[in-house]
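Here is what each chain is made of, one letter per residue.
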Amino acid sequence: MVNKIHTLGGYIHEYQKSIANPEQFWAQTAESFYWRAKWDKVLEWDFKGPNVKWFINGKLNITENIFENQLFVQKDVPAIIWEPNDPNEEGKIITYGELFEEVQRFANTLKSLGVGKGDRVAIYMPMIPELTVALLACARIGAIHSVVFAGFSATSLAERIIDAEAKVLLTSDGSYRGLKKIPIKDIVDEALESCKSIEHCVVYKRTGDVISMKEGRDIWWHDAINEVSTQCEAEVMDAEDPLFILYTSGSTGKPKGIVHTTGGYMVYSAYTFKNVFQYSIGDVYFCTADIGWITGHSYIVYGPLLCGAQALMFEGVPTWPDPGRFWDIVEKYKVNQFYTAPTALRSLLALGAEHVEGKDLSSLKVLGTVGEPINEEAWHWYHDHIGKNRCPIVDTWWQTETGGVMISPLPGITPTKPSFATLPLPGIQPVIVDGEGKELLGNSVEGNLCVKYPWPGMLRTLWGDHERFRKTYFSSFDDMYFTGDGVKRDEDGYYRILGRVDDVINVSGHRLGTAEVENAINEHPLVNESAVVGYPHSIKGQGIYAFVVCTEFSTGGEEGIRTSVKKAVAKLIGPFARPDMVQIVPGLPKTRSGKIMRRILRKIAEGDASNLGDTTTLLDEDIVEVIIKGALVDVKR
Ligand code: PRX
């Protein structure tokens, strides 16, 4: 069992210890896990390489740590509490014993399909218990899972499958999201037309809708699991063997395949889960994220299950059948820890506090947020209306790349301040640097957030592109991991995340590269070029503003183009990437060397065109006036 910190003094002591001797600190933490063979050396690193390895030559299987290692106490304890989309459908409670059986059965199924250690398995599924089974079954046999969020389009799914050269795809016939039914398998069929590496596609029957099954390639999940045994020996993995790939957006159009390895990720996800949520055995923990994102990987599946937690998994949406859905679930299962995104809170806040009234939320002990900065209004609403002024809020800052929470209060231990992620967790050494890479020491400073020492949960490479890994994270500043975020350290030494400083935008907690959206827009036959920027949005955090130059107008004129551009992006990336504002412009503000001056476009999108700074380097200064005149205003700005 990993150590839990109980007091502020304990945190300070633990933090100092972890900085004075990080290797000893993480080795001690790792000792509490079950290793088939112990590591020879705790850490090898060089940020120039870059090369980071933890627990060298340690051997283990992460599922042995979830199941065998704790089965004698946990067999009959719920592992997953599943709440379906429709409150009238019965949920499922799956114990550790039952989950173990399902995982082994599906692990054998994968083997029977020819999947072995190191093979990639793509997963495109709704939030049903079989999704968790799928991840753990891969881990059981040493296959590398690559989960693609089921809101992505066929094109995005195909791009990710092709990049990872996945052999098998796990999916479902359809999925439920509130009143909507999503034809998952139709999307898959379209994607698989271009994916040569896929040999089999296993389809879970969720909606029962009529779908097409391709002979020789597609198999029903219920048929596939029929013939295999429920016992499957764990594959012995090296600590540094990849556990999974998870694609995320960067500042270029192509998504990055973040690679996490087995040993370090296990230690880090479990340690942070236990401490950040102060989880105690018997608690019911509810994270509203989708397993298609890192939050779901680390804090629905691996972190909680490694700690023997009861993890609630919810298939639906926060506003259906009504905006009280989350709170009904909290009441129904007596949830103790609740973890969500600021965007969800902002949309619920806007729908009114009456949806919280009358719900029994007295079981709640800890509230958490993740994914984007939380504004003070949402923080106070969460604190007052949900936490009833008694539950600490943990504003957890981290990234797909970091594997787990990096900066966060410990609930009931670290004094909180609205909109501050507060202090680094033990083992984490954040630094703030200016544009030249000079470290800004002391308090009351603002700059780029970097980390100067490795931690076990950090990414090790980008799938198939180690050079891009180096360039993206280690080339901006010497000998440091660059997060891409701006940050402020206040007079008390507390960290406040200010948002991205690169061309990445955060829309409703979904990370998108502006280049990715531009590429999608540029596919439109009537579009010449485009530039996309983010602007502040009261519900989504950031909205997407696209400036589009057209070759001609089709029938429907400007309005017709605006609509079809939005549709095209939703189709090419996914509905969550649909631009909020599309302004048709005669040209874009460019420097003489042809570079788009995004700073100017950002200001215009923000509605702050009065102070555009220096525009003398522009090729055509007049274009700016024209763009300002035609600028659109979002009422949600
Ligand atoms: O900008 C930061 C923001 O989300 C980015 C990471 O996005 P992603 O990899 O999709 O992971 C999201 C879930 C961990 C960061 O670079 N971010 C994340 N948490 C916070 C945040 N911004 C402010 N406050 C946070 N608590």
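Residues numbered from 1 in each chain as written. Predicted model: local features only at pLDDT ≥ 70, side-chain atom pairs only at ≥ 80, totals over all residues. Heavy atoms only, no water.

*Asks:* Before we move on, could you go through the sheet that holds strand S5 (residues 92-95) and cite the residues and values that matter?
*Replies:* In space, the 7 strands of this open sheet follow the order S5-S4-S17-S16-S18-S19-S20, with mixed pairing throughout. The sheet terminates laterally at S5 and strand S20 (393-396), the two strands that pair on one side only. Each strand of the sheet is rotated relative to its neighbour by a mean of 20°, with strand direction disregarded. Summarising the sheet, strand S4 (residues 78-83) and S5 pair through 4 bridges and their orientation is antiparallel. The residue bridging Trp-82 from the neighbouring strand is Lys-92, located in S5. Sheet strands touched by helix H14 (residues 376-386): strand S18 (337-340), strand S19 (366-370) and S20. Its angle to S19, the strand with the most contacts, is close to 155°. (Pairing = 2+ DSSP bridges. Helix = DSSP H or I, 4+ residues; strand = E, 2+ residues; numbered from the N terminus. Axes fitted to C-alpha atoms, helices over the stretch in contact; angles between N-to-C directions. Contact = heavy atoms within 4.5 Å.)

*Asks:* A description of the domain arrangement of the protein chain should follow, citing residues and the corresponding values.
*Replies:* Parsing the protein chain into structural domains produces domain 1 (63-235) and domain 2 (504-629). For domain 1 and domain 2, the distance between their C-alpha centroids amounts to 37 Å. Listed per partner, the contact involves 8 residues of domain 1 and 8 residues of domain 2. Taking both sides of the interface into account, the surface hidden between domain 1 and domain 2 amounts to around 530 Å²; carbon and sulfur atoms contribute 49%. For the pair domain 1 and domain 2, the interface holds 1 salt bridge. (Domains from an automatic or database assignment. Buried area = accessible area lost by both parts, 1.4 Å probe. Salt bridge = Lys/Arg side-chain N within 4 Å of Asp/Glu carboxyl O.)

*Asks:* Let's hear about the site of the ligand: which residues, and what values?
*Replies:* Around the ligand, 17 residues are found, and the nearest of them are Asp-395, Thr-396, Thr-400, Asp-485 and Arg-511. Within the backbone of Glu-372, an N or O atom sits 3.4 Å from a nitrogen atom of the ligand. Calculation on the ligand without its partners gives an accessible area of 540 Å², and the protein chains cover 95% of this total. Sorting the residues of the shell around the ligand by element identifies helix H11 (294-306), S20 and strand S25 (495-500) as the ones contributing at least two each. Classifying every residue of the shell around the ligand gives 6 nonpolar, 6 polar and 5 charged. (Near = heavy atom within 4 Å. Polar contact = N/O pair within 3.5 Å; in protein donor to acceptor, adjacent residues only side chain to side chain. Areas by Shrake-Rupley, 256 points an atom, 1.4 Å probe, with all protein chains shown as cover. Nonpolar A, V, L, I, M, F, W, Y, C, P; charged D, E, K, R; others polar.)

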